Amino acid sequence: MTQAPKNLQTIETHILELQSMHPSASGDFTGLLSDITFAAKVISREVNKAGLVDIIGATGDQNVQGEVVQKLDEFANNVFLKCLGTRNQVCIMGSEELAEPVFIDSEGGSGNYIVVFDPLDGSSNIDANVSVGTIFGIWKRKSRRNKVDKEDLLQAGCEQVAAGYVIYGSSTMFVYTAGHGVHGFTLDPSLGEFLLSHEHITTPFTGKIYSVNEAYEPQWSPEVREVVRQIKYGHDTKSQRTDAPTSGAGKSTRYIGSLVADFHRNLLYGGIYLYPPTKNKTQGKLRLMCEAAPLAMIAEGAGGYASDGKQNIMDIVPTDMHMRVPLYIGSRGDVMWIENELSKKG
Ligand code: AHG
Ligand code: MN
Ligand code: MN
């Protein structure tokens, strides 16, 4: 006899429970998260059949940052633009794929939320059937004026009201936080529903994994090179910080080259992801608003931490929607050790 599954909870009911904790909530935020989960299902369906139809491969165009745009990038971007704000909850949408933010109904001033997203992260991996993802951060508008402007858009990570990512892997998972813990849901393709599979994700204080593209070592600063060397060989544990890692053993490398997938694995197992500055990319490669800040909120919600090497990623106020930052993210003790080492030296 088939046993009834326990605690069958969909993402919708989970979000509604969240709403019931705020009796004055209008339902706009709940509706927005629900729009995002729907977009994730549509993208998941296309990613899963990418090998079957003639959709994979580059379009030949380049995006605003000069990178090759993949067809699925475009598709995912369009899905997000179409699915978000179906109830006029959104006033600004910002995408990695668009040079300029989209201001919605700025005359009427409708919409309380700003959503910035990377519609498809790790897209250079698509042709090889490697996991890709979607990342999003949600902010609330500051202005009470009718017209929203760049001030509403350019807010620090700590002002986010929610953040999350979707990983299109061996199964599709939706992980989000709205400030009450980090929760993961796995898509049941037969039901078309995200079901709660990872409630209250917490990440170990230190981990055994480090994830960095070491081919850039010749382009790193001596300080970064030394930090990575110590991560690899094990380092002095007699740090003055009481929250420094306790294990001096060296770590193992795991690097997929898809930030969402590398981050997700490290979140579950413990570890650190590094994208340091290089000679060519003095601010690293990753974008603050659509990659670093949302993942920093998830990391913090799970007990981890994210730094640009000097300060908390969450404290950085963007000067541009496409601003890039160096990123060190994951297990709290490990990232704090890196920040401490880099700030001692530089
Ligand atoms: P995107 O596909 O959204 O442009 O992001 C790619 C990012 C990230 O997913 C990954 O961790 C990183 O690029 C890999 O960069 P390198 O190839 O320089 O290591
Ligand atoms: Mn990306
Ligand atoms: Mn992308």
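Scroll up to find the structure this text is about.
What you see is a predicted model; the values in this text were computed from it and never measured. (Residues numbered from 1 in each chain as written. Chains lettered and ligands numbered in written order. Predicted model: local features only at pLDDT ≥ 70, side-chain atom pairs only at ≥ 80, totals over all residues. Heavy atoms only, no water.)

Draft legend 1. Summary view of the site of ligand 1. G122, Y216, Y255, Y273 and Y275 are the nearest of the 18 residues found near ligand 1. At 3.4 Å, a backbone N or O of L120 approaches an oxygen atom of ligand 1. Taking N213, its side chain carries an N or O atom lying 2.8 Å from an oxygen atom of ligand 1. About the coverage of ligand 1: the protein hides 88% of its 470 Å² of free accessible area. Secondary-structure elements contributing two or more residues to the shell around ligand 1 are strand 5 (113–121) and strand 13 (271–275). Counting residues per element, the shell around ligand 1 draws most heavily on strand 5, which supplies 3 residues. A class-by-class count of the residues in the shell around ligand 1 yields 7 nonpolar, 5 polar and 6 charged. Each of domain 1 (11–198) and domain 2 (209–344) gives at least three residues to the shell around ligand 1. (Near = heavy atom within 4 Å. Polar contact = N/O pair within 3.5 Å; in protein donor to acceptor, adjacent residues only side chain to side chain. Areas by Shrake-Rupley, 256 points an atom, 1.4 Å probe, with all protein chains shown as cover. Helix = DSSP H or I, 4+ residues; strand = E, 2+ residues; numbered from the N terminus. Nonpolar A, V, L, I, M, F, W, Y, C, P; charged D, E, K, R; others polar. Domains from an automatic or database assignment.)

Draft legend 2. Examining the coordination of the manganese ion (ligand 2) more closely. All of the protein donors around the manganese ion (ligand 2) are D118 (OD), D121 (OD) and E291 (OE); their distances to the metal are 1.8 to 2.2 Å. When the donors of the manganese ion (ligand 2) are listed by position in the chain, the intervening gaps give D-x2-D-x169-E. Here the manganese ion (ligand 2) and the manganese ion (ligand 3) are spaced 3.8 Å apart, and both take D118 as a donor. Taken together, the positions of D118 in strand 5 and E291 in helix 7 (residues 288–301) put the pair 173 residues apart, joining distant regions of the chain. In this pair, the class of D118 matches that of E291, namely buried. (Donors = N, O, S within 2.8 Å, 3.2 Å for Na, K, Ca; no water. Buried < 20%, exposed > 50% of the residue type's maximum accessible area, 1.4 Å probe, protein only.)

Draft legend 3. Region of the structure containing the coordination of the manganese ion (ligand 3). Listed as protein donors to the manganese ion (ligand 3) are E96 (OE), D118 (OD) and L120 (O); their distances from the metal cover 2.2 to 2.4 Å. When the donor residues of the manganese ion (ligand 3) are listed from N- to C-terminus, their spacing reads E-x21-D-x1-L.

Draft legend 4. Representation of the packing of aromatic side chains within the structure. The full count for this structure, using the stated rule, is 9 aromatic pairs. Chaining the aromatic ring pairs together yields one cluster made of F136, F174, Y176, F185 and F194. (Phe/Tyr/Trp six-rings, centres within 6.5 Å; stacked < 30°, edge-to-face > 60°.)

Draft legend 5. Structural detail: the sheet that holds strand 12 (residues 252–253). Pairing is mixed in the open sheet, where 5 strands are placed in the order 12-11-13-15-14. At either margin of the open sheet sits one strand with a lone partner, and together these are strand 12 and strand 14 (305–307). Bridge analysis of strand 11 (residues 209–211) against strand 12 gives 2 bridges, and the strand direction is parallel. Bridge pairing in strand 12 places I209 opposite S252. Contacting strand 14 and strand 15 (327–330), helix 7 crosses the sheet at an angle of about 30° to strand 15. (Pairing = 2+ DSSP bridges. Contact = heavy atoms within 4.5 Å. Axes fitted to C-alpha atoms, helices over the stretch in contact; angles between N-to-C directions.)

Draft legend 6. Molecular detail of the environment of N78. Along the chain, N78 falls in helix 3 (residues 71–83). Look at N78 and you get partly exposed, because its relative accessible area is 41%. Taking C-alpha positions, N78 is 9.7 Å from E97, a pair spaced 19 residues apart along the chain.

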